[in-house]
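Here is how the chains run, residue by residue.
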Amino acid sequence: MTDDLDPAVDTVDLLTRVQLAAQDYLASLRHRPVRDLAAEKALAGLEFELPSAGLGGDAAIDRMLEIAVPGAIASTGGRFFHFIVGGCTPAALAGDWITSLLDQNAGAWVTSPLATRLETVVLAWLKDLFGLPGWGGVLVTGGTAANLVGLCSARQWWADRVGIDVTARGLHDTQRLVVVSGGYVHPSVHKALQIMGLGTDSVRVCAKDPAGRVDLDAIAETLARTGPAVIVATAGDVNTGDFDPIDQLADLAERYGAWLHVDAACGAFAALSPDTAPLLNGLARAHSVAADGHKWLNVPYESGFAFVRDGDLLRASFQAPDAGYLKGSTDPHTNFGSLGPEGSRRARALPIWATLAAYGRDGYRRMVERHLELARYLGERVQQAPDMELLADVTLNIVCFRFRPAGLSESALNGINAALGIALLSDGRVYAGTTTYCGRTALRPSIVSWRTTKDDIDLFLDVVRELADELMG
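Residues numbered from 1 in each chain as written. Predicted model: local features only at pLDDT ≥ 70, side-chain atom pairs only at ≥ 80, totals over all residues. Heavy atoms only, no water.

S.K.: Looking at this structure, how should I read the environment of Trp157?
M.R.: By the element assignment, Trp157 lies in helix 6 (residues 143-162). Owing to a relative accessible area of 8%, Trp157 belongs among the buried residues under this scheme. Between the C-alpha atoms of Trp157 and Thr116, which are 41 residues apart in sequence, the distance is 26 Å. Apart from the residues lying within four places of it in its own chain, the contact partners of Trp157 are Pro228, Ala229, Gly257, Ala258, Trp259 and Leu313. (Helix = DSSP H or I, 4+ residues; strand = E, 2+ residues; numbered from the N terminus. Buried < 20%, exposed > 50% of the residue type's maximum accessible area, 1.4 Å probe, protein only. Contact = heavy atoms within 4.5 Å.)

S.K.: Explain the packing of helix 4 (residues 90-102) against helix 12 (residues 349-384) to me, please; I cannot follow it from the model alone.
M.R.: A pair of packed helices can be characterised by two numbers: the angle between their axes and the separation between those axes. Running from amino to carboxyl end, helix 4 crosses helix 12 at an angle of 150 degrees, the nearest separation of the two axes being 7 Å. Between helix 4 and helix 12, the crossing angle belongs to the class labelled roughly antiparallel. In the crossing of helix 4 with helix 12, the sense of the turn from one axis to the other is right-handed. Contact with helix 4, carried on its side by Pro90, Ala91, Ala92, Gly95, Asp96, Ile98, Thr99 and Leu102, involves Leu350, Pro351, Ala354, Thr355, Ala358 and Tyr359 of helix 12 and no other residues of that element. Per-class residue counts for the contact of helix 4 with helix 12 are ten nonpolar, three polar and one charged. (Axes fitted to C-alpha atoms, helices over the stretch in contact; angles between N-to-C directions. Parallel < 35°, antiparallel > 145°, perpendicular 65-115°, else oblique. Left-handed = near helix turned anticlockwise from the far one by under 90°. Nonpolar A, V, L, I, M, F, W, Y, C, P; charged D, E, K, R; others polar.)

S.K.: So what exactly am I meant to see when it comes to helix 9 (residues 216-225) here?
M.R.: Because an α-helix completes one turn every 3.6 residues, residues spaced three or four positions apart along the sequence face the same direction. Along helix 9, the residues that are buried comprise Ile219, Ala220, Thr222 and Leu223. The arc that holds the buried residues of helix 9, viewed along the axis, is 165 degrees, so those residues lie on one side. Residues Asp217, Ala224 and Arg225 are exposed on helix 9 and point more than 90 degrees away from its buried face. Where helix 9 begins, the side chain of Asp215 points an oxygen toward the backbone nitrogen of Asp217, at a separation of 3.2 Å. (Arc of directions from axis to C-beta. Polar contact = N/O pair within 3.5 Å; in protein donor to acceptor, adjacent residues only side chain to side chain.)

Quick look at the structure:
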């Protein structure tokens, strides 16, 4: 090796190189394309067989900075509208650097009192923002893991009611847990149920229209025929930002003795604005709530939160058997590794603490309201364009629309919009892909980065217009 892994070796020089590169990268985000296809081709320079003699720290980091930085998708900038990906606030980025510097294991109090204390603090702050005081909670990797934690807690609740020791015996030869939802249910819910051994087909979707709006009567009829069941509500559909009626689903849960799980990965932070907070009416009546941090909170990957009203169910679902070197169930301290799927865990609380402490409730409220305003602005511009069609009301920060020139059949419109989505991703100046909504191929840009401005929205529409004109010849 060129460098020895010697405790006496100073790492400050390598960190300084990264800091200098970070200055240039962050300064470029206002004008750089989101995607650079030529720079992506250069990523091949990072693909080689593991060398016997290392390149050395300076050479390895220099190569990564030279090739990886320009070749990466600039998803932390203001022009990334694909999926629902937030940016990274300055305080969150700095907090994440501290996280890597300290490299804490947040699985147990004894491995990091710091990480445990801060996770306790940020969970309390988040529960305050969402109106969930006194609930149990744990930080996880994202929305999928948060849904997994909520649904595992629901499984524990269900097993207690039907007399099954699911912790020791599992689900072998047991009756099946019934899960019902509207049509907005996200694939991460299906994935969580697959991981749990319940199967992706276990969700009974009750939708009253092609858009996926929930059929409350159908859910009531299903619950009336089953024993204890789980209702999954969606707070923020990924195509339109629409919400299931959480309050009405909570009524059904109370009437039929069901568990209500709310997937709020996209919409939890709507609670911060008076304009959108009513969409979350009934959230505190749920039994579990899943949310994402690397969306509207604008913290680095990986970040999610799971909240369960009965916190004891978290420990019952995830407490590992005691081992000689662990206190386990006899430890008087909170050990978050016993409240979620991971044992060893990154200290995800540090960037969350940094950004919430830096900008506070009001700072995030202003950001959310700015995004709501930008989404309405984009929707209005789409409606004003003679050859574009708004496909759904703009209720949150997602705008679902399509290019619709005159004289084309539905099949041809789907084809031209699919081509437009491919062209947008290849062009790279802005970034947004397509979805299928009510059988129609559409764009559905989401506005969730703290960096996004009105100029970015205008550029997005200018690029869409330019590429659409090219496709039409």
